[in-house]
Amino acid sequence: MQSQKRFTPTFSCEFFPPKTDQGKEKLNATRDALARIQPAYFSVTYGAGGSTQQGTYETIHGLLKAGYDAAPHLSCIGASREQIGELLEGYRAIGVRRIVALRGDMPSGMRDAGDLHYANELVAFIREYTGDHFQIEVAAYPEFHPQARSAAADLEHFRRKVVAGANAAITQYFYNADAYFRFIDDCERMQLDLPVIPGIMPITNFAQLARFSDACGAEIPRWLRLRLESYGDDLESIRAYGLEVVTDLCRRLLEAGAPGLHFYTMNQAGPTLALCDALGIGG
Ligand code: FAD
């Protein structure tokens, strides 16, 4: 963990693009409430296969106009170089300086994988097309990506994204701090010198969390799953216990030298603010 200690800790928050006017208004309120923790930036996800392209762009534009730093997620699967180039131009024109670069997942029914097949190719393309204009963040998987052939192959693929020009990484969420510490040890062995920011998913709803975790390969440890299951529909107890567990996780990570936290907010301010209050972030 030594190598992570030299980076200044940064906090960031992730949103998804709202679909309705009501959702947009709610997001504006969420964003303003979260400003209290002085996030370095807000990031906005990009739907599978580019399905929320316009929503991502509009949400990013709104954040910038309101005076916040904002980073769009951009996935390459199913897109042509030309389409990605146009998006990059569009983002550069409105003042975006940071991009979260991903491969993404093929939506069911989509046949053509597009021009760029893995995130390392997207990172290389962004560098080729826009030089050093954008700070590039990539995804990291302390518990390994669900499609990885092996742990070693997944680490090698992560290394390629860094060599291609990524400046920092954000992890998939996890509830096992040791997986993150091991991942950082592996980065050190591979001589990768970049901040790897833990992605933090507050626990508010067990059924939803279990669904997400199955899909993205994040493990809910048995002790945590059984405890959350035992609360049934008692959301208040799930939230209280979840807050205690995730606060402990964040505290351990920060004390060990993690260079910040990236909060998966699900467009809600409350759970992230409760965590930050417990951690003393944003006083
Ligand atoms: P990659 O780094 O390309 O890796 C994907 C898989 O391919 C891994 O198993 C890897 O080991 C393997 N691989 C990589 N390179 C090669 C190679 N050259 N040859 C063979 N195998 C290879 N998804 C969205 O759709 N929209 C979002 O906004 C979004 N935001 C995310 C934000 C974060 C912080 C994270 C952690 C994930 C996000 N995702 C998002 C999910 C992500 O798109 C999926 O996890 C996707 O399956 C992999 O994307 P990646 O960029 O990690 O891919």
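Residues numbered from 1 in each chain as written. Predicted model: local features only at pLDDT ≥ 70, side-chain atom pairs only at ≥ 80, totals over all residues. Heavy atoms only, no water.

All told, the structure shown has 12 salt bridges when counted by the stated rule. With its nearest N and O atoms 3.4 Å apart, the salt bridge here joins arginine 92 to glutamate 89. Of this pair, arginine 92 and glutamate 89 both sit in helix H3 (residues 81–93), 3 residues apart, which is roughly one turn of the helix. A residue is classified by how much of its surface remains accessible, and glutamate 89, at 37% relative accessible area, is partly exposed. By sharing partners, the salt bridges in this structure join Glu156, Arg159 and Arg160 into a single network. (Salt bridge = Lys/Arg side-chain N within 4 Å of Asp/Glu carboxyl O. Helix = DSSP H or I, 4+ residues; strand = E, 2+ residues; numbered from the N terminus. Buried < 20%, exposed > 50% of the residue type's maximum accessible area, 1.4 Å probe, protein only.)

Bringing unusual backbone geometry into the picture now. Phi at glutamine 191 takes a positive value of approximately 55°, unusual for a residue other than glycine. On the basis of relative accessible area, glutamine 191 is assigned to the exposed category, the value being 70%. Not every positive phi belongs to a glycine, and methionine 266 is a case in point at roughly 55°. By secondary structure assignment, the location of methionine 266 is in the loop between strand E9 (260–264) and helix H10 (270–279).

Right, let's talk about the packing of helix H9 (residues 235–256) against H10 for a bit. Packing of H9 against H10 leaves a shortest axis separation of 10 Å and a crossing angle of 55°. Considering the angle they form, H9 stands oblique to H10. As for the relative orientation of H9 and H10, their crossing is right-handed in sense. For the pair formed by H9 and H10, the contact residues are Leu243, Val246, Thr247, Cys250 and Arg251 on the first element and Ala274, Leu275, Ala278 and Leu279 on the second. A per-class count over the contact of H9 with H10 returns 7 nonpolar, 1 polar and 1 charged. (Axes fitted to C-alpha atoms, helices over the stretch in contact; angles between N-to-C directions. Parallel < 35°, antiparallel > 145°, perpendicular 65-115°, else oblique. Left-handed = near helix turned anticlockwise from the far one by under 90°. Contact = heavy atoms within 4.5 Å. Nonpolar A, V, L, I, M, F, W, Y, C, P; charged D, E, K, R; others polar.)

Once that is clear, we can look at the packing of aromatic side chains. Under the definition given, this model contains 10 aromatic pairs. Ring geometry for phenylalanine 158 against phenylalanine 183: centres 5.1 Å apart, planes inclined by 65°, an arrangement best described as edge-to-face. Of this pair, phenylalanine 158 sits in helix H5 (residues 151–163) while phenylalanine 183 sits in helix H6 (residues 177–189); the two residues are 25 residues apart in sequence, bridging distant segments of the chain. Connected via pairs of aromatic rings, a cluster forms that spans Phe15, Phe42 and Tyr68. (Phe/Tyr/Trp six-rings, centres within 6.5 Å; stacked < 30°, edge-to-face > 60°.)

This part takes up the site of the ligand. Residues in contact with the ligand amount to 21 residues; listed here are only the nearest, Tyr46, Asp105, Tyr141, Asp154 and Lys161. Considering the ligand on its own, with 980 Å² of exposed area, one finds that the protein chains cover 87% of that surface. Top contributing element to the shell around the ligand by residue count: H5, with 4 residues. Class assignment of the residues belonging to the shell around the ligand gives a composition of 9 nonpolar, 7 polar and 5 charged. (Near = heavy atom within 4 Å. Areas by Shrake-Rupley, 256 points an atom, 1.4 Å probe, with all protein chains shown as cover.)

The analysis is restricted to geometry; functional conclusions fall outside its scope.
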